[in-house]
Amino acid sequence: MQIKTMAEYFAEGETPEVLFWVGCAGSIDQRSQKITRAFAEILTRTGTRFAVLGKEEACTGDPARRAGNEFLFQMMAYNNIQVLNGYGVKKIVTACPHCFNTLKNEYPELGGHYEVMHHTTFLQGLINEGRIKMKEGGSFKGKKITYHDSCYIGRANGIYEAPRAVLEALDAELVEMKRCGSRGLCCGAGGAQMFKEEEKGTTRVNFERGREAVETGAEIIASNCPFCMTMLTDGVKETGKEDSVKVLDLAELIARDMQE
Amino acid sequence: MQIVSQLLFFAALAAAVYFFSRRAAGIRRNILLGRDTDLSDQPARRLNNLLLLAFGQKKMFRNPLVAVLHFFVYAGFVIINLEILEIIIDGLAGTHRIFAPYLGPVYNVLIGCFEILAVLVAVSCAIFLVRRNVLKIKRFLSRDLDGWPRSDANYILITEIVLMLLFLTMNTADGVLQTRHAPHYPDTGSFWVTGMFQPLFEGFSTPTLVGIERAAWWLHILGILAFLNYLPWSKHLHIILAFPNAYFARLEPKGKMENLPAIQQEVLYAMQPELAPTDAAAEVPKFGAKDVHDLTWKNLLDAFACTECGRCSAACPATQTGKALSPRLIMMKTRDRAEAAGRGETDKTLLHDYITVEELRACTSCGACVEECPVSIHPLDIIYQMRRQLVMEESNAPQEWTLMFSNIENNMAPWKSSPDERDAWIHA
């Protein structure tokens, strides 16, 4: 894949349409890298002029802040804002709801003002503009798909419609879980839980959510967050249905059946 | 004889108002134990929240059936206050149904509406009692409510039913007395609801009926005055504090965490030492919240406005999977601690003595508790502030988090990986 960095654009004296903020999970985690590549492929195929920061990107500080380490968060924010403002970045798209929330809601107060979009909204825009067209009778036609609302796109930022609109483009049958929309159940990874063992309880949050998703009878669980992806995949495994139920990101679903 | 009754009424009313104001001042003091925060911005949006959330009970309608029943009780409470105004004037002036001559036929319509509301309130409260005690609804069965909180809810519901029945009894006896043209009972026409029950009372002699009417009247108003004084000691306080709480509700995007300018400043000086002030004697600020004094007054107002309904905990992923965390309990413990701190107890702190580290650690910051709360309470804000205290003041973090912190600091990512590999996905 040929992907240009912000530094390369800058060296050529050009500015891209949008910065793709990949996030730590999307950069490092093997499973999440597939989401990143799928989304980058969509951007490339739709002719979107985009750049990544590459080695210059760093953690937004979200997990540190939510765990209580405000110092570390402020340090990360300071450095990231220096880099972003240095390149004159105006528009950012990211596939990670946690990065999205921090860049959109928390950086402005610290001097980082950008138009920030999550890839669900960005994909919806591309579909609405006709820049993404799906294949006739694609591989998801008529298949049951259930959608997991991530907390940081849903409740934290009120985005419930865009991801569902994207799924409609697949011509699949959308089945909702018992807890969905603003009542959606967390995957269990937010608030820095991703990075430590859960507290003692009767079950794990992701087992509970995995079971609920599998109970819908859907063959595909659509997610929009690399953390939810990890947690749900694990949750599905716990039910023993990992062969028949797949967890896929919205970007992966679209990339698979897009027209050339 | 009449003057004695008036004096007794005045004494009862004065005592009720005195004790209520004393308690109200105490609650105000306890709320103001919290640190200051400026919530005077955007009055138009705040007014809108007040109208929608408190008056309109918008969030309640997430559960329509319960919302309708609750709305009856709420409307009954607000509107029946008009009737109580008349009772108070009558009690002080020694009159009976003083509004009747002024309102003419409208009076009968008004009382008719009150009676219908009274029935709806009694029926709704009865259904609520069944929901709480018979139906196995998880959030009411929860151990959060063991002891006083569970009885508190039942006392409130039973009292409301009794008060409504007294009101209806009073009107029934009054209605019969009116048909007999008894002195002091002005003819207002048959009441809508109690008119139907008059045959039950027609066998009684006039003095007996006066006795019943007077007894019901006194018990009704004394009950209300007693209830007024019970209210600020119970979860029922939400009928008052839900209003300011909705007005002062957080207006920022739900996902945004409160910024700490003091730390932002320190980081700025560390990165750009040339900006740092030269007189280094500045006071070291405290980070996060250890006790109620470190929380804001809004956090404490939240705690006193909490209705203990448990919608937050019913939606909380940690509570649902059996973790120690229950957002409702976070609010109840914060209130308990504010009460204790208000009494001058200094040997305990909210963190550790009331709320445990295990509870705080179990939060996924999903915001379901905030989303669900009908009276705009924000348990997550308290949890965040206490997590800051743990990590920044007490260096109390699980080992995995300490590792994550050092990874972020050294590798620019929460996982152990080289920053140089960050773009490896491009070439994979």
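Residues numbered from 1 in each chain as written. Chains lettered and ligands numbered in written order. Predicted model: local features only at pLDDT ≥ 70, side-chain atom pairs only at ≥ 80, totals over all residues. Heavy atoms only, no water.

**Side note on the side chain of R155(A)**
Part 1 of the argument: Looking at where R155(A) falls in the secondary structure, it is placed in the loop between β5 (144-147) and α8 (161-168).
Part 2 of the argument: The charged side chain of R155(A) is buried without a salt bridge, its nearest counter-charge being E371(B) at 5.2 Å.
Part 3 of the argument: There is a polar contact of 3.0 Å between the side chain of R155(A) and the backbone oxygen of S182(A).
Part 4 of the argument: Non-local contacts of R155(A), meaning those with residues more than four positions away in its chain, are made with S150(A), Y160(A), S182(A), R183(A), G184(A), C186(A), K254(B), C366(B), G367(B), A368(B) and E371(B). (Helix = DSSP H or I, 4+ residues; strand = E, 2+ residues; numbered from the N terminus. Buried < 20%, exposed > 50% of the residue type's maximum accessible area, 1.4 Å probe, protein only. Lys, Arg positive; Asp, Glu negative; His and termini not counted. Salt bridge = Lys/Arg side-chain N within 4 Å of Asp/Glu carboxyl O. Polar contact = N/O pair within 3.5 Å; in protein donor to acceptor, adjacent residues only side chain to side chain. Contact = heavy atoms within 4.5 Å.)

**Re the pattern of salt bridges**
Residue and element names in this part refer to chain B.
Part 1 of the argument: Within the structure shown, the criterion is met by 43 salt bridges over all chains.
Part 2 of the argument: Between R328 and D144 there is a salt bridge; the shortest N-O distance is 3.2 Å. In this pair, R328 sits in helix α15 (residues 327-342) while D144 sits in the loop between α6 (138-141) and α7 (148-179), placing the two residues 184 residues apart along the sequence.
Part 3 of the argument: We classify D144 as buried; its relative accessible area is 12%.

**Regarding helix α10 (residues 238-247) of chain B**
Residues and elements named next belong to chain B.
Part 1 of the argument: Taken together, the buried positions of α10 are occupied by H238, I239, L241, A242, N245 and A246. Taken end-on, α10 shows its buried residues confined to a sector of 160°, consistent with a single buried face.
Part 2 of the argument: Elements in contact with the buried residues of α10: α1 (2-31), α2 (43-55), α3 (64-93) and α12 (297-305). (Arc of directions from axis to C-beta.)

**A short note on the packing of aromatic side chains**
Part 1 of the argument: Scanning the entire structure with this criterion turns up 22 aromatic pairs over all chains.
Part 2 of the argument: Summarising the aromatic geometry, the rings of F73(A) and Y107(A) are spaced 6.4 Å apart at their centres and angled 55° between planes, so their arrangement reads as tilted. One end of the pair, F73(A), is in helix α5 (residues 70-86); the other, Y107(A), is in the loop between α6 (97-106) and β4 (115-118), with 34 residues separating them in the sequence.
Part 3 of the argument: What makes F73(A) buried here is its relative accessible area of 0%.
Part 4 of the argument: With a relative accessible area of 0%, Y107(A) lands in the buried category.
Part 5 of the argument: On the basis of an interplanar angle of 65° and a centroid distance of 6.0 Å, the ring pair of F9(B) and W218(B) is categorised as edge-to-face. You can see F9(B) sitting in helix α1 and its partner W218(B) sitting in helix α9 (residues 206-230), a full 209 residues away along the chain.
Part 6 of the argument: A relative accessible area of 21% means that W218(B) is categorised as partly exposed.
Part 7 of the argument: Clustering of aromatic rings is evident, with ring pairs tying together F20(A), F39(A), F50(A), F122(A) and W425(B). (Phe/Tyr/Trp six-rings, centres within 6.5 Å; stacked < 30°, edge-to-face > 60°.)

**What to know about the UniProt feature "domain: Cysteine-rich" (unreviewed entry) in chain A**
Residue and element names in this part refer to chain A.
Part 1 of the argument: With numbering aligned to this structure, UniProt lists the feature "domain: Cysteine-rich" (unreviewed entry) at residues 18-104 and 145-232.
Part 2 of the argument: Along residues 18-104, the helical share is 61% and the strand share 11%, with 15 Å between the first and last C-alpha atoms.
Part 3 of the argument: Between the end C-alpha atoms of residues 145-232 there is a gap of 14 Å, over a span that is 30% helix and 10% strand. (UniProt positions renumbered as here; feature names shortened; annotations may be inferred.)

**Comments concerning the interface of chain B and chain A**
Part 1 of the argument: Between chain B and chain A, the residue contacts involve 60 residues of the former and 69 residues of the latter.
Part 2 of the argument: Summed over both partners, the interface of chain B with chain A buries about 5600 Å², with 62% contributed by carbon and sulfur atoms.
Part 3 of the argument: Its largest share of buried area at the contact with chain A, chain B owes to W415(B), R422(B) and W425(B), together 16% of the area lost on that side.
Part 4 of the argument: We note a salt bridge from E109(A) to K256(B), for which the minimum N-O separation is 2.5 Å.
Part 5 of the argument: Here chain B is connected to chain A by 33 residue pairs in polar contact (both at pLDDT 80 or more).
Part 6 of the argument: Among the residues forming the side of chain B that touches chain A, the class breakdown is 30 nonpolar, 12 polar and 18 charged. (Buried area = accessible area lost by both parts, 1.4 Å probe. Nonpolar A, V, L, I, M, F, W, Y, C, P; charged D, E, K, R; others polar.)

**Comments concerning the sheet that holds strand β2 (residues 50-51) of chain A**
All names here are of chain A.
Part 1 of the argument: Taken in spatial order, the four strands of this open sheet run β2-β1-β3-β4, and their pairing is parallel. Strands with a single pairing partner mark the edges of an open sheet, and in this sheet they are β2 and β4.
Part 2 of the argument: Looking at chain direction, strand β3 (residues 91-94) and β4 are connected through four bridges and run parallel. Note that in β4 the partner of T94 across the bridge is H118. (Pairing = 2+ DSSP bridges.)

**Overview of the domain arrangement of chain B**
Residues and elements named next belong to chain B.
Part 1 of the argument: Split by domain assignment, chain B resolves into domain 1 (2-31 + 63-247) and domain 2 (261-421).
Part 2 of the argument: For domain 1 versus domain 2, the distance between C-alpha centres works out to 42 Å.
Part 3 of the argument: Each partner contributes residues to the interface: domain 1 has 20 residues there, and domain 2 has 26 residues.
Part 4 of the argument: When domain 1 packs against domain 2, the two sides together hide about 2000 Å² of surface, and 53% of this comes from carbon and sulfur.
Part 5 of the argument: Between the two partners, domain 1 and domain 2, sit two salt bridges.
Part 6 of the argument: The tally of links from domain 1 across to domain 2 stands at 11 residue pairs in polar contact (both at pLDDT 80 or more).
Part 7 of the argument: Listed by contribution, the elements that provide at least two residues to the side of domain 1 that touches domain 2 are α1, α6 and α10.
Part 8 of the argument: With six residues, α10 is the single largest residue contributor to the side of domain 1 that touches domain 2.
Part 9 of the argument: Here the side of domain 1 that touches domain 2 is composed, by residue class, of 11 nonpolar, four polar and five charged. (Domains from an automatic or database assignment.)

**Digging into the environment of I42(A)**
All names here are of chain A.
Part 1 of the argument: Relative to the elements of secondary structure, I42 occurs in helix α3 (residues 30-45).
Part 2 of the argument: Looking at I42, the relative accessible area reads 0%, which means it is buried.
Part 3 of the argument: Separated by 32 residues in sequence, I42 and Q74 place their C-alpha atoms 33 Å apart.
Part 4 of the argument: Sequence-distant contacts of I42, defined by excluding residues within four places in its chain, comprise L123, L126, I132, A251, I254, A255 and M258.

**Concerning the UniProt feature "transmembrane region" (unreviewed entry) in chain B**
Part 1 of the argument: In the UniProt entry, the feature "transmembrane region" (unreviewed entry) is given for residues 6-25, 65-89, 109-131, 152-170 and 215-233 of chain B.
Part 2 of the argument: Its end C-alpha atoms 28 Å apart, residues 6-25 of chain B is made of 100% helix and 0% strand.

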